[in-house]
Every structure is written in C-alpha cells, then in structure tokens.
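# Coordinates in review
Here is how the chains run, residue by residue.
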Amino acid sequence: AQSVTQLGSHVSVSEGALVLLRCNYSSSVPPYLFWYVQYPNQGLQLLLKYTTGATLVKGINGFEAEFKKSETSFHLTKPSAHMSDAAEYFCAVSMSGGSNYKLTFGKGTLLTVNP
Amino acid sequence: DVKVTQSSRYLVKRTGEKVFLECVQDMDHENMFWYRQDPGLGLRLIYFSYDVKMKEKGDIPEGYSVSREKKERFSLILESASTNQTSMYLCASSLKGSYNQPQHFGDGTRLSIL
C-alpha cells in the first residue's frame, strides 16, 4: 500500500526566508507525486506534479520540488517566502498499477509567514 | 480551466436527517471523488466513481452512499446524519486513463450536524 508522511504539521518562516516542506512516501512501484495548496475556505489547487523524466519539478508561484528516489522524498521548496504563501500544503502520491487512480494524501503542513 | 462546483459552501442539518451534497464538473472527466477533510487527519477518501453508475468504496465509506446518474454529477448522501459527520467535504474530478492526471477540486462544503 502507498502512504505519504509530511514531517511537521506546522511550519513558520519569516517573509523572504527559504520555505522547505517535507514529504516522504512509500510505494512498491514508481510513484506519481503531487503537491497541492489550500488557501483558507477554498478547495485544493495543484502546485506541481512529478510523473517521469526530470526529477526537479517547477510549479506555480515560484515553488519547486525534487524527486529523490533513494530517499523516497519529494520535498517542496521556495527560495523566498511571501505573505501570500500562507496556506496549508498537501503532498499526495498516485501509484501506477494501483486502484483506479486514487490519490493518497499526507496530513498536510500549515505554513505561516511572519512579516 | 476545469470547474468543479459544489452546490453549497455551508450547510447545517440535524441529527438523523438525510443529507445530499451535490457536485458538478464541466470537463467531461470520467473519475469523480468525495473526500472529507478534518484537522490533523488530512483528506480521507469516502467514495469514488470511474464511470456513470459505477462506484467504489474509499477508505471511510461507513454512513455514506453515492449516486452517479450522469457523467458530470456526483452526489454524496448521508443516510442518517450524525454529529461525527460534521466536517469539510471536498469533491474532485480527474481524467481516466492515466495515473499522472491531477485531481481538480471544488471549494468544499462545510457541513455541520447539530
């Protein structure tokens, strides 16, 4: 079975600082990996996804993530945090050959950006 | 852009009522999903459907049922609402045929059962 672990349910950074949100997954076959963002009182919005090919994936709003197979990780980064980045972030995994395209989500990391 | 519309943003119902949550997508997606979201638990899959009249149980189907009579519409039904079903409910849709397709989400329905 696939699973996702997000380390840190709450991360706080200063405006302009590096953002690092951690995600580790377990999967018996090559995974497809996603990061979503949820702003208050809204649904989830896709930030970026890894399928195959380049392991460094760029997404919207200046975010990027790197797929590291040896570490089973897909950490999300942004060089310089902005106040508008304050939101909850979810990592998710989909497994090729798995059951009907289901996504398994992590429990989320709430990002706070301090002025 | 894909549009997934959930019929209500906020809903208040009473214990024992039968509750319907509606979701409509406009991109001809085959797959549709219902999740509930609770603080500290992330998103948990209740049911999903990969075709009209087809459905499969997710991780927490107890106390819920679904209906998909048309491709664009997927309904979640709480047969007899209970207070532990107070939650945020999210609907999503995706294209069939590839595991790398992202899911597209509605804005959610915040349901309170009194």
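Refer to the structure printed above.
Below: a short report on this structure. This one's a predicted model, so the numbers in the text were calculated from it and none came from an experiment.

## Structural notes on the overall build of chain A
- Secondary structure summary: chain A contains zero helices and 11 strands in total.
- Helices (α) and strands (β) of chain A occur, in sequence order from the N terminus, as β-β-β-β-β-β-β-β-β-β-β.
- The C-alpha extent of chain A, read off along each of the three principal axes, is 45 × 30 × 20 Å.
- Counting only residues that meet the buried cut, chain A has 43% of its 115 residues in that class.
- Long-range contacts, defined here as pairs at least 24 residues apart, represent 57% of the contacts in chain A between residues at least 6 apart.
- Of the roughly 5300 Å² that chain A leaves accessible, carbon and sulfur atoms contribute 53%.
- Side chains of chain A carry 8 positive and 6 negative charges; the gap between the two charge centres is 10 Å.

## So, the sheet that holds strand β1 (residues 4-6) of chain B
All names here are of chain B.
- With respect to topology, four strands assemble into an open sheet ordered β1-β3-β8-β7, the strand pairing being antiparallel. With partners counted over all chains shown, the strands left at the sheet margins are β1 and β7 (64-70), one partner each. Within the sheet, the average angular offset between the axes of one strand and its neighbour, ignoring direction, is 20°.

## Quick notes on the pairing of strand β1 (residues 3-7) of chain A
Residues and elements named next belong to chain A.
- Of the two faces of β1, the one lined by V4 and Q6 is fully buried and the one lined by S3, T5 and L7 carries no buried residue.
- Strand direction decides the pairing type here: β1 and strand β3 (residues 19-26), joined by five bridges, are antiparallel. Opposite Q6, over in β3, you have C23 as the bridge partner.

## What about the interface of chain B and chain A?
- Residue-level contacts link 28 residues of chain B with 26 residues of chain A.
- Summed over both partners, the interface of chain B with chain A comes to about 2100 Å²; 56% of that surface belongs to carbon and sulfur atoms.
- Taken together, the connections running from chain B to chain A amount to zero salt bridges.
- Inspection of the chain B/chain A interface yields three residue pairs in polar contact (both at pLDDT 80 or more).
- Contributing elements (two or more residues each) for the side of chain B that touches chain A: β4 (31-38) and β5 (42-51) of chain B.
- A per-element tally of the side of chain B that touches chain A places β5 of chain B first, with five residues.
- Its residues assigned to classes, the side of chain B that touches chain A shows 12 nonpolar, 10 polar and six charged.

## Describing the nonpolar core
- Grouped together as the largest cluster of nonpolar side chains are 26 residues, with contacts concentrated most on W35, L47, L48, F74, L76 and Y89 of chain A.
- For this core, the secondary structure elements donating two or more residues are β2 (10-14), β3, β4 (31-38), β5 (44-50), β7 (64-68), β8 (73-78), β9 (87-95) and β11 (109-114) of chain A.
- Judged by nonpolar contacts, the second largest core, of 20 residues, contains L11, I46, Y64 and F74 of chain B.

## Some points on the side chain of S87 of chain B
Residues and elements named next belong to chain B.
- In this structure, S87 sits in strand β9 (residues 87-94).
- For S87, the side chain forms a polar contact with the main-chain oxygen of Q37, separated by 3.1 Å.
- In this view, S87 contacts R36, Q37, D38, T109, R110 and L111; residues no more than four positions away in its chain are not counted.

## A few points about the sheet that holds β8 of chain A
Residue and element names in this part refer to chain A.
- Strand order in this open sheet of five strands is β1-β3-β8-β7-β6, and the pairing throughout is antiparallel. Each edge of the open sheet is held by one strand with a lone partner, namely β1 and β6 (56-58). When strand polarity is set aside, the average angle formed by the axes of neighbouring strands in this sheet is 20°.
- Two elements, β7 and β8, share five bridges in a ladder whose sense is antiparallel. Across the sheet, residue K68 finds its bridge partner in β8, namely S73.

Reading the values: the criteria
- Residues numbered from 1 in each chain as written.
- Chains lettered and ligands numbered in written order.
- Predicted model: local features only at pLDDT ≥ 70, side-chain atom pairs only at ≥ 80, totals over all residues.
- Heavy atoms only, no water.
- Helix = DSSP H or I, 4+ residues; strand = E, 2+ residues; numbered from the N terminus.
- Buried < 20%, exposed > 50% of the residue type's maximum accessible area, 1.4 Å probe, protein only.
- Contact = heavy atoms within 4.5 Å.
- Areas by Shrake-Rupley, 256 points an atom, 1.4 Å probe, with all protein chains shown as cover.
- Lys, Arg positive; Asp, Glu negative; His and termini not counted.
- Charge placed at Lys NZ, Arg CZ, Asp CG, Glu CD.
- Pairing = 2+ DSSP bridges.
- Axes fitted to C-alpha atoms, helices over the stretch in contact; angles between N-to-C directions.
- Buried area = accessible area lost by both parts, 1.4 Å probe.
- Salt bridge = Lys/Arg side-chain N within 4 Å of Asp/Glu carboxyl O.
- Polar contact = N/O pair within 3.5 Å; in protein donor to acceptor, adjacent residues only side chain to side chain.
- Nonpolar A, V, L, I, M, F, W, Y, C, P; charged D, E, K, R; others polar.
- Core = buried A, V, L, I, M, F, W, Y, C linked by side-chain atoms within 4.5 Å.

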